[in-house]
Amino acid sequence: MIDFRIEPQLQAKLDWMAKFVRDECEPMDLLFPGHGAPYDVANKESRAYMKPLQDQVKAQGLWGCHLGTELGGPGYGQLTLALMNEILGRSYWAPTVFGTAAPDTGNSEILAMFGTDEQKACYLKPLMDGTIVSTFSMTEPQAGADPKEFTCRAWQEGDEWVIEGEKWFSSNARYAAFLIVMVVTNPENPPHQRMSMLIVPTDTPGIEFIRHSQTMGDSKGKDDGTHAYIRYNKVRVPLDAMLGSPGEGFKVAQARLGGGRVHHAMRTVGKCQRAIDMMLERAVSRRTQGKMLSEHQFVQGAIADSIIELEQFRLLVLKTAWIIDEVEAGREPHGGARSHIAMCKVQMAKVYHDIVQRAIQLHGSLGVTLETPLADMWMGLPSLALADGPTEVHKAQVAKAYLRDAAPAPGLFPSEHIPTRLAAIRARQS
């Protein structure tokens, strides 16, 4: 049975979150702008402003919502998290205020799953407390996100791992206390069993920041980017810096990236809803050609298309979250949500693009200025389409999953061939 009702207790929490994000988190977006601002733990002004807000979140039992009860979190399932992340997606600062900002969410999850007690004490606890931030250092300049092409390697010398190679687009590494680095340790293994994950403190000798690349929407000031191009120049870490076992890096990465992708999708619902809210307000506020914008059929069509597309996408995200919960409960097989997570990843950028583009158009010249949130939304679109793997990769994944279950036609013509089916029906009747 499909039931879309939300329990009153949860609805009360969602209502509190919606008001809090609007009244407290969205102002932080204006007071402390910049893509790296929520990760800059050294900015005393922003941290002092945020601390009382985080205390309010903790008092509501909403801190670190993605974490299980054994790690001090509320232990919500993905379906509940989907409803919460819709609200958090409306503000750039909100995930940090609520202790659930990427990439720290994914990094905390793999530390919880694969980390030793010592690793959890050293890295997971301060991450959960929000006193430090971390980086996932995976992609490479010559390979992008394809681990089969990675060349950054690590080898054992005595009681240490030695890391050599380059990593590209390591987000917010300039602010991070540690990096989780994907390296080739077992080159003789099959492609998906060659890599391992190593925890590397950012003050380790041999880490060289070649540059911090800027993305669309960053200021053009010198060295003002937030995505690091890093050279690991014979960086040494102890043997116990590994997450999991040698050769398990791909397994660790997949455990992390699946959740990250669906959380991106959840928050994109919130971003799109905010753009639609802006469209609706604009349509009943401005006049052109002798009547309100809302009276023009082109405008009505743009609004209707946006609402319908978002409703479809939101239902896909909620279904995916439900499947993940079913997998966690053992009622669906391991990996049962993989195709739906990929669907979310594919559709996310398309829906976001179409809705934000219409919102910009409806705002006219104001829409292309930096005086509304729409410009930042638009400039964030290309990164959304590439984050956690290019959209094209996930399209291929969905197609291959369904093609595996497809069967060839039993005869010369397709199974839906009408003359063939009619002949078979008549043969049964004779």
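Being a predicted model, the structure only gives us computed values, none of them experimental.

Student: Explain the packing of helix α3 (residues 78-88) against helix α8 (residues 297-328) to me, and be specific about the residues and the numbers.
Tutor: Between α3 and α8, the least distance of the axes is 7 Å, while the angle of their chain directions is 145 degrees. Counted together, Gln78, Leu79, Ala82, Leu83 and Glu86 of α3 and Arg314, Leu318, Ala321, Trp322, Ile324 and Asp325 of α8 form the full contact between these two elements. Of the residues assigned to the contact of α3 with α8, the class counts are seven nonpolar, one polar and three charged.

Student: Give a detailed account of the pairing of strand β4 (residues 178-184), specifying residues and quantitative values.
Tutor: By the criterion of burial, β4 is predominantly enclosed, with seven of the seven residues buried. What you see with β4 is no split at all: Phe178, Ile180, Met182 and Val184 on one side and Leu179, Val181 and Val183 on the other are buried throughout. In this structure, strand β1 (residues 134-137) lies alongside β4, joined through four bridges in parallel fashion. Considered in β4, the bridge of Thr135 is made with Leu179. Relative to strand β5 (residues 195-201), β4 is paired through seven bridges, and the arrangement is antiparallel. By the bridge assignment for β5, Val181 is matched with Leu198.

Student: Before we move on, could you go through the packing of aromatic side chains and cite the residues and values that matter?
Tutor: Counted under the stated rule, the structure contains seven aromatic pairs. Ring geometry for Phe32 versus Tyr49: centroids 5.8 Å apart, planes at 70 degrees, classification edge-to-face. Here Tyr49 lies in helix α2 (residues 44-59) and Phe32 lies in the loop between α1 (8-31) and α2, a separation of 17 residues in the sequence. Aromatic pair Tyr123 and Phe178: ring centres 4.7 Å apart, planes at 55 degrees, arrangement tilted. Of the two residues, Tyr123 is situated in helix α6 (residues 117-129) and Phe178 in strand β4; the sequence distance between them amounts to 55 residues. Under the relative-accessibility criterion, Phe178 is labelled buried at 0%. The residue whose ring lies beneath Lys58 is Trp63, and the NZ or CZ to ring-centre distance is 4.6 Å. Looking at Lys167, its charged tip hangs above the ring of Phe150, at a distance of 4.3 Å from the centre.

Student: Break down the environment of Thr96 for me, with residues and values.
Tutor: Structurally, Thr96 can be placed in helix α4 (residues 94-97). Residue classification places Thr96 among the buried positions, given a relative accessible area of 11%. Remark: the alpha-carbon pair of Thr96 and Gly64, spanning 32 residues in sequence, is separated by 9.5 Å. Discounting chain neighbours no more than four positions away, the residues touching Thr96 are Pro38, Arg47, Met50, Gln54, Trp63 and Ala101.

Parameters and conventions
Residues numbered from 1 in each chain as written. Predicted model: local features only at pLDDT ≥ 70, side-chain atom pairs only at ≥ 80, totals over all residues. Heavy atoms only, no water. Axes fitted to C-alpha atoms, helices over the stretch in contact; angles between N-to-C directions. Helix = DSSP H or I, 4+ residues; strand = E, 2+ residues; numbered from the N terminus. Contact = heavy atoms within 4.5 Å. Nonpolar A, V, L, I, M, F, W, Y, C, P; charged D, E, K, R; others polar. Buried < 20%, exposed > 50% of the residue type's maximum accessible area, 1.4 Å probe, protein only. Pairing = 2+ DSSP bridges. Phe/Tyr/Trp six-rings, centres within 6.5 Å; stacked < 30°, edge-to-face > 60°. Lys NZ or Arg CZ within 6 Å of the ring centre and 35° of its normal.

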